[in-house]
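# Breakdown of the fold
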Amino acid sequence: SGHYPVIVSTWPFVEAVRAAWRAIDSGFSAMDAVVEGCSACEELRCDGTVGPGGSPDENGETTLDALVMNGATMEVGAVAAMRYVKDGIKAARLVMQHTGHTLLVGEQASAFAISMGLPGPTNLSSSESVQKWSKWKENRCQPNFWKNIVPVDSCGPYHPKDIAELGKGTCSSANLMAAVESRSSHIGLHNHDTISMAVIDKEGHIAVGTSTNGATYKIPGRVGDGPIAGSSSYADDEVGACGATGDGDIMMRFLPCYQVVESMRLGMEPTLAAQDAIKRIARKFPDFVGAVFAINKNGLHAGACHGWTFQYSVRSPEMEDVEVFTVFP
Ligand code: SD4
């Protein structure tokens with residue numbers, strides 16, 4: 001007995017879920033709804049970390065990672081480290097619909113997106129991202145939340161020696177405190193970074209999508225879990241779907257969303273499947289920060305997290321509006 005349609009999204013991205021719900025209500029497919037929902041987040045610059053204008057890399061540039069997946073056909077389209085184009089999720093869908101490829105990267109992804117009619121080239125920086133970056137640059141040890149739990153001076157240019165020294169940074173205690181504060185402010189739900197969304201449409205077809213500008217102060221060229229199918233999100237009509245958020249550099253080693261869907265295929269309830277996927281990562285990386293939501297094809301959903309408190313948003317027919325669920329580690 002399926003409770004369709006249903007929309008699930010990481011974090012309290014309520015407007016994004018409403019946009020996806022409106023799309024479903026007007027008869028659009030699950031895939032269209034995913035694109036509408038994630039686009040809404042990109043336009044609103046959810047948390048300043050989805051879409052343009054957020055999370056500057058080491059050179060101060062914002063780039064986008066995005067993915068869509070169709071759980072009926074198992075088609076996937078994605079872009080990684082895409083520059084100068086604001087519409088990450090639309091670019092991902094264009095890759096899926098109009099090429100035989102799955103993943104395009106960097107400037108060539110931008111060129112493809114623009115050739116397919118998306119607006120660009122555009123500067124993806126905002127005054128906030130420029131300010132944030134200049135401040136960080138002034139103080140080379142200011143932590144990147146994801147990487148500098150042990151503070152490192154990760155400002156390029158890199159030399160083999162620097163790489164060897166990574167993790168042994170020489171930061172003042174003031175910077176160490178900043179690192180600790182930055183970490184707790186993230187755990188306090190200030191900076192969510194990624195929208196991953198799953199939609200089950202009226203027919204029970206499932207689509208997922210993810211859009212993010214990745215990790216702040218990343219080394220240019222870094223690609224996170226966002227555009228990796230099975231890591232940031234995964235869908236299979238026969239089983240259900242999953243969406244993830246968190247430290248992509250760690251999470252992408254485990255394909256947590258593939259794991260969640262495959263566990264549900266073998267009969268696990270969404271709660272257990274989500275918890276199991278997170279536990280597998282935490283066992284090896286006890287300091288990692290991340291979360292997943294799981295939804296099975298009957299519309300039963302759950303979340304699991306490690307290192308922070310996670311929230312995810314749901315809209316289904318029995319709800320009057322989007323509801324936000326909170327999951328504790
Ligand atoms: C990344 N997964 O690029 C993204 C960041 C994120 O919540 O999800 N933050 O690593």
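As a reminder, the structure under discussion sits directly above these lines.
Residues numbered from 1 in each chain as written. Predicted model: local features only at pLDDT ≥ 70, side-chain atom pairs only at ≥ 80, totals over all residues. Heavy atoms only, no water.

A few words now on the sheet that holds strand β2 (residues 64–70). On the basis of which strands lie adjacent, the open sheet formed by eight strands has the order β4-β3-β2-β6-β5-β1-β11-β12 and mixed pairing. The open sheet has two edge strands, β4 (103–105) and β12 (323–327), and neither has a second partner. Direction aside, neighbouring strands of the sheet carry axes that sit 10° apart on average. In this structure, strand β3 (residues 75–82) lies alongside β4, joined through three bridges in parallel fashion. In the sheet register, V79 faces β4, and the bridge partner there is L104. Packed onto the sheet, helix α3 (residues 88–98) meets β2, β3, β4 and β6 (206–212) and runs at close to 135° relative to β3. (Pairing = 2+ DSSP bridges. Helix = DSSP H or I, 4+ residues; strand = E, 2+ residues; numbered from the N terminus. Axes fitted to C-alpha atoms, helices over the stretch in contact; angles between N-to-C directions. Contact = heavy atoms within 4.5 Å.)

Following both chains from N to C, one finds helix α2 (residues 30–44) and α3 inclined at 150°, their axes separated by 8 Å at the closest point. Comparing their axes, α3 and α2 come out roughly antiparallel. Contact with α2, carried on its side by M31, D32, V35, C38, S39, E42 and E43, involves G88, I89, K90, R93 and M96 of α3 and no other residues of that element. For the contact of α2 with α3, the per-class residue count stands at five nonpolar, two polar and five charged. (Parallel < 35°, antiparallel > 145°, perpendicular 65-115°, else oblique. Nonpolar A, V, L, I, M, F, W, Y, C, P; charged D, E, K, R; others polar.)

Time to look at the state of the cysteines. Following the criterion strictly, the structure yields one disulfide and no others. Residue C242 pairs covalently with C257 via a disulfide, S to S 2.2 Å. Of note, the bridge from C242 to C257 carries an S-S torsion of about -60° and is left-handed in sense. Of this pair, C242 sits in strand β8 (residues 240–246) while C257 sits in helix α9 (residues 256–265), and the two are 15 residues apart along the sequence. For the pair C242 and C257, a shared accessibility class is recorded, and that class is buried. Lacking any disulfide linkage, C38 is separated from the closest cysteine sulfur, that of C41, by 7.1 Å. Using a relative accessible area of 0% as the deciding quantity, one classes C38 as buried. Here C305 is not cross-linked by a disulfide; its sulfur's nearest cysteine counterpart is in C242, at 13 Å. (Disulfide = S-S within 2.5 Å. Buried < 20%, exposed > 50% of the residue type's maximum accessible area, 1.4 Å probe, protein only.)

A packed helix pair is summarised by two numbers, namely the angle formed by the two axes and the spacing between the axes. Between helix α1 (residues 14–25) and α2, whose axes approach to 8 Å, the crossing angle comes to 150°. By the angle class used here, α1 and α2 are roughly antiparallel. α2 is crossed by α1, and the crossing has right-handed handedness. In this structure, α1 contributes E15, A16, A19, A20, A23 and I24 to the contact, and α2 contributes A30, A33, E36, G37, A40, C41 and L44. Split into classes, the residues belonging to the contact of α1 with α2 amount to 10 nonpolar, one polar and two charged. (Left-handed = near helix turned anticlockwise from the far one by under 90°.)

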